[in-house]
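Report on the structure
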Amino acid sequence: METQIFKPDQIEAAAALIKAGQLVSFPTETVYGLGADATNETAVKQVYAAKGRPSDNPLIVTVTGQAMVEQYAEPLSAKAQALIKAFWPGSLTLILNLQPGKLSKAVTGGLSTAAFRNPANQTTLALIQAAGVPIVGPSANTSGKPSPTLAQHVYHDLKGKIAGIVDDGPAQVGVESTILDLTADVPTILRPGAVTEEDLEPVIGTVRSTHHKVGKTEVPKAPGMKYKHYAPDAQVYIVDHESDWPAALAWAQAQDYPVGAMAIDPVLAANQLPANVEAYTLGPDLASASHRLFAGLRHFDLESPVKGILTQGFADTGLGAAYMNRLNKSAGQVHFQK
Ligand code: TXA
Ligand code: MG
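Scoring rules and cut-offs
Residues numbered from 1 in each chain as written. Chains lettered and ligands numbered in written order. Predicted model: local features only at pLDDT ≥ 70, side-chain atom pairs only at ≥ 80, totals over all residues. Heavy atoms only, no water. Helix = DSSP H or I, 4+ residues; strand = E, 2+ residues; numbered from the N terminus. Rg over C-alpha atoms; globule rule 2.2 N^0.38 Å. Contact = heavy atoms within 4.5 Å. Areas by Shrake-Rupley, 256 points an atom, 1.4 Å probe, with all protein chains shown as cover. Lys, Arg positive; Asp, Glu negative; His and termini not counted. Charge placed at Lys NZ, Arg CZ, Asp CG, Glu CD. Near = heavy atom within 4 Å. Polar contact = N/O pair within 3.5 Å; in protein donor to acceptor, adjacent residues only side chain to side chain. Pairing = 2+ DSSP bridges. Axes fitted to C-alpha atoms, helices over the stretch in contact; angles between N-to-C directions. Domains from an automatic or database assignment. Buried area = accessible area lost by both parts, 1.4 Å probe. Salt bridge = Lys/Arg side-chain N within 4 Å of Asp/Glu carboxyl O. Phe/Tyr/Trp six-rings, centres within 6.5 Å; stacked < 30°, edge-to-face > 60°. Buried < 20%, exposed > 50% of the residue type's maximum accessible area, 1.4 Å probe, protein only.

Thoughts on the overall build of the protein
Within the protein one finds 12 helices and 15 strands. In summary, the protein has a C-alpha radius of gyration of 20 Å against a globular reference of 20 Å for 338 residues, a match within 12%. Projected onto the principal axes, the alpha-carbon positions of the protein cover approximately 60 × 50 × 35 Å. Restricting to contacts in the protein with at least 6 residues of sequence separation, those with at least 24 account for 67%. Accessible area of the protein: about 14,100 Å², with a carbon and sulfur share of 52%. Across the protein, the 26 positively charged side chains and the 31 negatively charged ones have centroids separated by 5 Å.

Listed below in structure tokens is the structure:
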């Protein structure tokens with residue numbers, strides 16, 4: 001299959017493919033998604049095959065707004081309505097109870113709930129509008145690899161396996177949406193993202209978090225114990241404190257292989273890089289670091305192979321919780337130890 005690249009002004013052609021049951025990758029403000037007609041079970045099943053995704057992992061349903069959610073979900077609670085008003089379109093995915101039989105098992109993994117997302121990307125909202133159906137939207141990467149923040153990343157992973165990619169430039173946020181379960185007694189964050197606990201609580205009161213905060217481990221217990229998530233080929237080492245960088249770089253210099261270093265500009269500027277260390281800047285601050293994390297991991301996989309990647313850690317609060325969640329998974333929770 002030839003994978004066509006569409007520009008944002010070619011939405012009609014991309015929507016025609018969706019309507020015909022084909023797979024088309026679409027841009028969002030977080031990461032690129034892999035789209036298929038959510039009401040077409042055959043098309044949805046192909047999404048799992050293209051990504052190599054386990055079939056019991058349910059998909060996000062991407063919608064144009066509240067009216068489209070109401071076609072599938074049980075009547076919305078006051079909290080759901082308040083969240084939609086405050087954060088949509090935007091990086092907050094809501095888990096809601098479904099009307100029975102409204103979406104296939106291929107979408108929900110057999111659950112009575114579904115994850116609804118309204119991305120802040122006009123091109124994709126126009127695509128869904130033109131297709132006339134909600135589209136499933138897992139991240140458009142091969143399962144286990146870092147999520148794609150550029151159309152080129154999608155092309156690398158899925159070329160020949162999907163009909164098209166709508167290229168709308170780089171995704172701005174860089175980490176996937178916050179997932180909030182509204183079917184629990186207390187609304188619960190299942191995955192941290194750019195919409196934080198601190199953002200949610202003023203709107204709906206107490207919010208709980210289940211994504212566990214991970215501790216340090218000195219060495220991976222077994223390489224196979226590594227989370228198979230966001231993982232580049234090289235081992236990622238989290239450098240927790242800015243003051244650890246001189247020791248981390250001295251360790252890198254003693255290795256007989258190339259090592260990557262991903263950190264923000266002030267950290268890179270403050271340290272002398274050994275000859276076998278290649279820097280990848282995470283930009284000026286945490287926001288740019290979240291935006292560039294996955295692209296950096298892919299850079300060291302594809303363009304500049306290394307065996308280890310030293311990567312800057314941040315405090316585990318606000319957007320830092322989303323960043324550290326992804327970084328911990330890509331590192332299999334391995335931290336650099338002085
Ligand atoms: O930012 C995003 O959310 C991106 C863009 C493309 O929209 N999408 C994304 O999809 O990250 P994906 O499939 O990579 O991650 C969706 C997560 C999965 O971990 C899945 O298990 C969970 O949402 N999920 C989906 N439906 C669920 C449900 N009914 N209950 C609990 N978790 C659910
Ligand atoms: Mg994903």
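From this point, things continue past the structure.
Some words on the site of ligand 1
Around ligand 1, a shell composed of 23 residues is seen, among which Thr30, Asn57, Arg117, Ser177 and Arg191 lie nearest. For ligand 1, an oxygen atom lies 3.0 Å from a polar atom in the side chain of arginine 53. Measuring from an oxygen atom of ligand 1, one finds a side-chain N or O atom of serine 139 at 3.0 Å. When ligand 1 sits alone it has 680 Å² of accessible area, and the protein chains cover 86% of it. Of all the secondary structure elements, the ones that give two or more residues to the shell around ligand 1 are β6 (113-117) and β10 (188-191).

Some words on the sheet that holds strand β15 (residues 308-312)
Overall, parallel pairing links the 4 strands, which are arranged β12-β15-β13-β14 in an open sheet. The strands lining the two open edges of the sheet, one partner per strand, are β12 (235-239) and β14 (277-281). Adjacent strand axes in the sheet meet at a mean angle of 25 degrees, parallel and antiparallel pairs treated alike. Looking at chain direction, strand β13 (residues 259-263) and β14 are connected through 5 bridges and run parallel. Pairing of alanine 263 across the sheet is with threonine 281, part of β14. Sheet contacts for helix α12 (residues 319-330): β12 and β15; angle to β12, the most-contacted strand, approximately 135 degrees.

Notes on the domain arrangement of the protein
Domain assignment breaks the protein into domain 1 (4-209) and domain 2 (235-331). Taken over C-alpha atoms, the centre of domain 1 sits 29 Å from the centre of domain 2. Between domain 1 and domain 2, roughly 1,400 Å² of surface is buried when both sides are summed, and carbon and sulfur atoms account for 59% of that area. Among the residues of domain 1 in contact with domain 2, Pro146, Val175 and Pro192 are the three that bury the most area, contributing 35% of the side total. For the interface between domain 1 and domain 2, the tally reads 3 salt bridges. Its salt-bridge partner being aspartate 301, residue lysine 145 comes within 3.4 Å of it at the nearest N-O pair. Scanning the region where domain 1 abuts domain 2 turns up 8 residue pairs in polar contact (both at pLDDT 80 or more).

Thoughts on the sheet that holds strand β9 (residues 178-181)
Strands sit in the order β1-β8-β2-β3-β7-β4-β6-β5-β9-β10-β11 across an open sheet of 11 strands; the sheet is mixed. Every interior strand has two partners, whereas the edge strands, β1 (4-6) and β11 (208-209), have only one. Strand direction decides the pairing type here: strand β5 (residues 92-97) and β9, joined by 4 bridges, are parallel. The residue of β9 that forms the bridge with leucine 94 is leucine 180. In the packing of helix α7 (residues 151-158) onto the sheet, the strands contacted are β1, β2 (24-26), β3 (33-37) and β8 (164-166), and the crossing angle to β8 comes to about 165 degrees.

A closer look at the environment of leucine 302
Structurally, the position occupied by leucine 302 is in helix α11 (residues 286-302). Sequence spacing of leucine 302 and alanine 15 is 287 residues, and the spatial spacing of their C-alpha atoms is 31 Å.

Let's talk about the packing of aromatic side chains
Under the defined criterion, the tally for this structure stands at 5 aromatic pairs. Consider the rings of phenylalanine 314 and tyrosine 323, whose centres lie 5.0 Å apart with planes at 90 degrees: the pair is edge-to-face. Across this residue pair, the class does not change: phenylalanine 314 and tyrosine 323 are buried. Following the ring pairs from residue to residue traces out a cluster consisting of Tyr237, Trp251 and Phe336.

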